[in-house]
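Summary of structural features
In case you want the letters, here they are:
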Amino acid sequence: MEITGKIIVALPEVGGTSAKGNAWKKRDYVLETQETYPKKVAFNFFGDRVDQFPLEVGQMVKISFDIDSREYNGRWYVDIRAWKAEPADAAAPGAPAPAVNYGPATAMPTGYATPGAPAAPPKVDLAPNPTDDLPF
């Protein structure tokens, strides 16, 4: 899965040693989507990816992630585990489209009045219509 947004929180790296004696580390971030109703999404990088993808607050990124759930003592815990981060490009969905400058028109389309010329008054028919059954 992928999500694009701005990093609003970068928590400090945490680490330790597992019960098997293996060293581990992870770093948590919070991303805010750039939608009409923004969502905040907490995710983390684990292991070597912590150093591979250093992110900064204010940076626009596209995150690729997996959702991982596990049970411990009858309770369920959910992690959003990111596995790739890349800068968000301008053509990403939800990003404003780049402005296009078409320039001035070289010729006026046919059927339109020329600029500066007086406009003709609209034609109004005030004669009653016998098939019209509207009261006004």
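The structure under discussion appears in the preceding block.
Residues numbered from 1 in each chain as written. Predicted model: local features only at pLDDT ≥ 70, side-chain atom pairs only at ≥ 80, totals over all residues. Heavy atoms only, no water.

Considering the pattern of salt bridges
Considering all chains together, one arrives at eight salt bridges under this definition. Of the charged contacts, one joins Lys62 and Glu2 as a salt bridge, the two residues approaching to 3.9 Å between their closest N and O atoms. Here the residue Lys62 occupies a position in strand E5 (residues 60-72), and Glu2 occupies one in strand E1 (residues 2-10), the gap between them amounting to 60 residues. Overall, Lys62 belongs to the partly exposed group, its relative accessible area being 25%. Across the salt bridge formed by Lys39 and Glu35, the nearest N and O atoms sit 3.3 Å from each other. Residue class for Lys39 comes out partly exposed when judged on its relative accessible area of 47%. Shared partners join several salt bridges into a network, and the residues in it are Glu2, Lys62, Lys84 and Glu86. (Salt bridge = Lys/Arg side-chain N within 4 Å of Asp/Glu carboxyl O. Helix = DSSP H or I, 4+ residues; strand = E, 2+ residues; numbered from the N terminus. Buried < 20%, exposed > 50% of the residue type's maximum accessible area, 1.4 Å probe, protein only.)

Structural notes on a nonpolar patch on the surface
Taken together, the side chains of Met1, Ile67 and Val78 make up a nonpolar region of the molecular surface, amounting to roughly 330 Å² of accessible area. Assignment of secondary structure puts Ile67 in strand E5. (Patch = residues over 30% accessible without salt bridge, like charges linked within 9 Å, V, L, I, M, F, W, Y side chains within 5 Å. Areas by Shrake-Rupley, 256 points an atom, 1.4 Å probe, with all protein chains shown as cover.)

What about the packing of aromatic side chains?
Aromatic ring pairs: the centre-centre distance and the angle between the two ring planes describe each pair. If you walk through the whole model with that rule in mind, you get five aromatic pairs. Plain terms: the ring middles of Trp24 and Phe46 are 6.2 Å apart, the flat faces sit at 10 degrees to each other, and that makes the pair stacked. One end of the pair, Trp24, is in strand E3 (residues 23-33); the other, Phe46, is in strand E4 (residues 40-46), with 22 residues separating them in the sequence. On the basis of relative accessibility, which here comes to 32%, the residue Trp24 falls in the partly exposed class. (Phe/Tyr/Trp six-rings, centres within 6.5 Å; stacked < 30°, edge-to-face > 60°.)

Read these as geometric descriptors, not functional statements.
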